[in-house]
Amino acid sequence: MTNLETIITVAVIVLGTAITRFLPFLIFRSDKPTPKYMQFLGNYLPPAVFGMLVIYCLKDVLFVFEGTSGLPELISLAATLVLHLSFRKMLLSLIGGTACYMLLLQFVF
């Protein structure tokens, strides 16, 4: 890319980021009540995304009873479930389960 194309690309990225950051504050002002559909999305979207992430992560795992196939995934899934049921913090569950999986892959399996 030329220097001009690089500058245009960076400017478009900066503009897109600024718009996506500031637009919600312009649309949903603090002096008005939050619309019901936004409250609905705020309540149900995070668990739905977490569920889709679990399905996506486990879609290619073969759970067969020979060797260690699927064992790190099951252990990490159990760790994620225990963390979430214990602390009810989605970010902690996500990071803890991921760390468990990576540690199992690097040092155990």
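Predicted model only: the values in this text are computed from it and were never measured. (Residues numbered from 1 in each chain as written. Predicted model: local features only at pLDDT ≥ 70, side-chain atom pairs only at ≥ 80, totals over all residues. Heavy atoms only, no water.)

Participant: Can you help me understand unusual backbone geometry in this one?
Facilitator: Backbone geometry follows two general trends: most residues other than glycine have a negative phi, and most peptide bonds adopt the trans configuration. Phi at arginine 88 is positive, roughly 55°, even though this residue is not glycine. On the secondary structure map, arginine 88 appears in the loop between α3 (71-87) and α4 (90-108). (Helix = DSSP H or I, 4+ residues; strand = E, 2+ residues; numbered from the N terminus.)

Participant: Whenever I open this one, the state of the cysteines confuses me. Can you help?
Facilitator: Chemically, a disulfide is nothing more than a covalent bond linking the sulfur atoms of two cysteines. In total, this model carries zero disulfides according to the counting rule given. Between cysteine 57, a free cysteine, and cysteine 100, which holds the nearest cysteine sulfur, the sulfur-to-sulfur gap is 13 Å. (Disulfide = S-S within 2.5 Å.)

Participant: Sorry, what's going on with the packing of α3 against α4 here?
Facilitator: Helix-helix packing is characterised by the crossing angle of the two axes and by the distance between the axes. Two elements in contact, α3 and α4, have axes whose closest approach is 8 Å; the angle formed by their N-to-C orientations is 155°. Relative to α4, the element α3 lies roughly antiparallel. In this structure, α3 meets α4 at a crossing whose hand is right-handed. Within the contact between the two elements, α3 uses Pro72, Glu73, Ile75, Ser76, Ala79, Thr80, Leu83, His84 and Phe87 and α4 uses Met90, Leu92, Ser93, Gly96, Gly97, Cys100, Tyr101, Leu104 and Leu105. Taken together, the residues of the contact of α3 with α4 sort by class into eleven nonpolar, six polar and one charged. (Axes fitted to C-alpha atoms, helices over the stretch in contact; angles between N-to-C directions. Parallel < 35°, antiparallel > 145°, perpendicular 65-115°, else oblique. Left-handed = near helix turned anticlockwise from the far one by under 90°. Contact = heavy atoms within 4.5 Å. Nonpolar A, V, L, I, M, F, W, Y, C, P; charged D, E, K, R; others polar.)

Participant: Could you clarify how one ought to interpret the packing of helix α2 (residues 36-58) against α4 in this entry?
Facilitator: Put simply, α2 and α4 touch, their axes get as near as 12 Å, and they point 10° apart. Viewed along their axes, α2 and α4 adopt a mutual orientation that is roughly parallel. Listed contacts from α4 to Pro46, Pro47, Phe50 and Leu53 of α2 are Met90, Ser93 and Leu94. In terms of residue class, the contact of α2 with α4 is made up of six nonpolar, one polar and no charged.

Participant: Where do I start with the side chain of glutamate 73 in this structure?
Facilitator: As for its placement among the helices and strands, glutamate 73 is situated in helix α3. This buried residue, glutamate 73, is left without a salt bridge; lysine 59 holds the nearest opposite charge, at 12 Å. Beyond its immediate sequence surroundings of up to four residues, glutamate 73 is in contact with Leu58, Val61 and Tyr101. (Buried < 20%, exposed > 50% of the residue type's maximum accessible area, 1.4 Å probe, protein only. Lys, Arg positive; Asp, Glu negative; His and termini not counted. Salt bridge = Lys/Arg side-chain N within 4 Å of Asp/Glu carboxyl O.)

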